[in-house]
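Per-entry structural report
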Amino acid sequence: MTAVDGVDFSPGPLDRDATFYVAGHRGLVGSAIVRRLEGAGFTNIVGRSSAELDLKDRDATFAFMREVQPRYVVLAAAKVGGIMANSTYPVDFLSDNMRIQTNVLDAALETDVDRLLFLGSSCIYPKFAPQPIPEDSLLTGHLEPTNDAYAIAKIAGILHVQAARRQYGRPWISAMPTNLYGPNDNFSPKGSHVLPALIRRYDEAAQSGAGSVTNWGTGSPRREFLHSDDMADACLHLMENYDGPSQVNVGTGTDVTIKEIAETIAGVVGYEGETEWDTSKPDGTPQKLLDVSMLANLGWTSQISLEEGLRRTVAWYHENAARLRG
Ligand SMILES: NC(=O)C1=CN([C@@H]2O[C@H](COP(=O)(O)OP(=O)(O)OC[C@H]3O[C@@H](n4cnc5c(N)ncnc54)[C@H](OP(=O)(O)O)[C@@H]3O)[C@@H](O)[C@H]2O)C=CC1
Ligand SMILES: C[C@H]1O[C@H](OP(=O)(O)OP(=O)(O)OC[C@H]2O[C@@H](n3cnc4c(=O)[nH]c(N)nc43)[C@H](O)[C@@H]2O)[C@@H](O)[C@@H](O)C1=O
């Protein structure tokens with residue numbers, strides 16, 4: 001039995017032969033979840049690309065769920081991007097994510113999905129939340145303006161899951177990941193998060209022999225980085241060990257400044273030139289470090305160090321760079 005947040009119910013192991021739908025199975029997190037589920041012996045994992053099934057299309061989403069009848073669902077499909085994408089396209093981040101999650105959650109209710117995990121993001125918390133950020137600081141202050149539209153959609157998703165628990169007794173849960181990285185990340189210069197952006201920028205500079213690179217903002221914000229394979233492991237752990245209304249933070253419990261991660265990445269890819277900072281670009285929230293004590297009490301801590309995760313991700317980037325640069 002696990003006692004968290006007043007809930008004394010541990011759901012126990014999932015059936016390895018049941019149909020498991022991973023929404024967003026080609027993305028950073030979804031592809032890691034598929035690897036984790038395969039490793040754990042799941043035999044019936046289902047995925048659809050956005051070209052095959054646009055989850056913004058309500059009728060198509062319901063038709064798919066009625067046909068496949070998954071017993072388990074992880075909702076890792078979303079419109080996702082870094083600080084620039086979020087602040088430039090807030091309508092898309094609000095509207096696409098509201099539609100995707102509402103359609104999947106409503107269809108999952110109709111088709112009696114047994115266990116479901118919704119993925120939010122650490123940006124749901126107030127810009128000036130206490131650090132490390134506990135789960136109960138949700139809705140206690142103003143959001144960071146560069147990603148408020150995305151955050152509101154994610155907060156609606158948490159409430160949707162809690163409402164399904166209250167109104168229909170569904171044992172569904174939500175996890176809030178910190179900043180993630182790993183294979184199948186988005187390495188596009190304008191759309192990506194900072195870590196893949198810096199891998200690409202420093203690697204290209206190292207290859208070309210450039211004397212200087214320019215990163216965004218002041219470099220002083222602090223961020224926490226979790227490898228996607230750790231994230232996937234936490235997702236399965238939560239689905240088997242947690243059943244409560246509160247969202248659960250997922251992170252490492254340690255953060256670094258953007259300057260520090262930039263220096264580390266420059267070292268890993270062998271860049272020896274200068275680094276400039278373009279302070280006309282936004283810093284975003286000054287610090288985003290999750291309090292991971294709830295997850296630790298549930299028996300999970302991260303295993304992949306930032307150094308090891310970076311080495312693996314840079315290796316993956318080198319193997320795929322030609323395709324990613326298009
Ligand atoms: N990356 C990060 O740092 C963080 C991510 N998260 C959350 O984790 C989850 C996964 O993110 P991540 O893996 O990084 O994102 P990715 O962008 O790597 O992957 C998103 C996936 O969603 C699918 N998708 C997007 N739109 C649609 C659509 N309309 N219909 C069907 N599928 C769609 C894409 O499918 P296809 O490839 O076929 O187009 C893609 O596989 C998201 O909920 C995100 O908010 C939370 C915190 C941090
Ligand atoms: C996961 C999380 O991700 C987003 O929030 P964020 O943490 O601010 O995202 P980020 O990774 O894009 O930036 C982190 C920091 O890094 C700096 N920075 C430097 N140079 C580059 C650079 O080249 N690219 C990017 N993207 N950032 C850079 C950048 O200025 C900022 O100070 C949310 O919108 C939201 O989507 C969300 O939930």
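Residues numbered from 1 in each chain as written. Chains lettered and ligands numbered in written order. Predicted model: local features only at pLDDT ≥ 70, side-chain atom pairs only at ≥ 80, totals over all residues. Heavy atoms only, no water.

Looking up the protein chain in an unreviewed UniProt entry gives the name GDP-L-fucose synthase, with the organism given as Demequina lignilytica. Comment text from UniProt for the protein chain, heading Function (unreviewed entry), reads "Catalyzes the two-step NADP-dependent conversion of GDP-4-dehydro-6-deoxy-D-mannose to GDP-fucose, involving an epimerase and a reductase reaction." Word for word, the UniProt comment on the protein chain under Catalytic activity (unreviewed entry) is "GDP-beta-L-fucose + NADP(+) = GDP-4-dehydro-alpha-D-rhamnose + NADPH + H(+)". (UniProt positions renumbered as here; feature names shortened; annotations may be inferred.)

All told, the structure shown has three cavities of 30 Å³ or more when counted by the stated rule. In this structure, the largest cavity spans a volume of roughly 70 Å³. Looking at the largest cavity, the residues that line it are Ser122, Cys123, Tyr125, Pro126, Lys127, Gln131, Ile133, Glu144, Asn147, Thr285, Gln287 and Lys288. Taken together, the residues that form the lining of the largest cavity break down as four nonpolar, five polar and three charged. (1 Å grid on protein atoms, 1.4 Å probe; cavity = no way out; pocket = protein on both sides within 12 Å on 5 of 7 lines; lining within 4 Å. Points joined across faces, edges and corners; volume = space filled by probe spheres on them. Nonpolar A, V, L, I, M, F, W, Y, C, P; charged D, E, K, R; others polar.)

Under the definition given, this model contains 21 salt bridges. Residue Arg16 pairs with Glu240 through a salt bridge whose shortest N-O separation is 2.6 Å. In this pair, Arg16 sits in the segment before strand E1 (20-23) while Glu240 sits in helix H7 (residues 228-241), placing the two residues 224 residues apart along the sequence. On the accessibility criterion, Arg16 (23% relative accessible area) is partly exposed. Salt-bridge contacts for Glu308 lead to Arg312; the nearest nitrogen and oxygen are separated by 3.2 Å. Residue Glu308 and its partner Arg312 are both found in helix H10 (residues 306-325); the two are separated by four residues, about one turn of the helix. What makes Arg312 partly exposed here is its relative accessible area of 37%. (Salt bridge = Lys/Arg side-chain N within 4 Å of Asp/Glu carboxyl O. Helix = DSSP H or I, 4+ residues; strand = E, 2+ residues; numbered from the N terminus. Buried < 20%, exposed > 50% of the residue type's maximum accessible area, 1.4 Å probe, protein only.)

On to the site of ligand 2. Close to ligand 2 lie 22 residues; Ile83, Ser121, Arg223, Pro282 and Asp283 are nearest. In this structure, Gly81 approaches ligand 2 through a main-chain N or O atom, which is 2.9 Å from an oxygen atom. In the model, an oxygen atom of ligand 2 is placed 2.6 Å from a nitrogen or oxygen of the Asp283 main chain. For ligand 2, the protein covers 98% of the area, taking 690 Å² as the surface of the free molecule. Breaking the shell around ligand 2 down by element, the ones donating at least two residues are helix H3 (83-88), helix H6 (194-208) and strand E7 (212-216). Here the shell around ligand 2 gets three residues from one element, more than from any other, and that element is H6. Along the lines of polarity and charge, the residues of the shell around ligand 2 split into nine nonpolar, nine polar and four charged. (Near = heavy atom within 4 Å. Polar contact = N/O pair within 3.5 Å; in protein donor to acceptor, adjacent residues only side chain to side chain. Areas by Shrake-Rupley, 256 points an atom, 1.4 Å probe, with all protein chains shown as cover.)

Turning our eyes to something else, we now look at the environment of Thr111. Among the secondary structure elements, Thr111 is positioned in the loop between helix H4 (90-110) and strand E4 (115-119). The exposure class of Thr111 is buried, given its relative accessible area of 6%. Measuring from C-alpha to C-alpha, the distance between Thr111 and Ala206 comes to 52 Å, with 95 residues separating the pair along the chain. If near-sequence neighbours (up to four positions away) are discounted, Thr111 is found in contact with Met65, Arg66 and Gln69. Within the structure, the side chain of Thr111 is placed 2.7 Å from the backbone oxygen of Ala107, a separation counted as a polar contact. (Contact = heavy atoms within 4.5 Å.)

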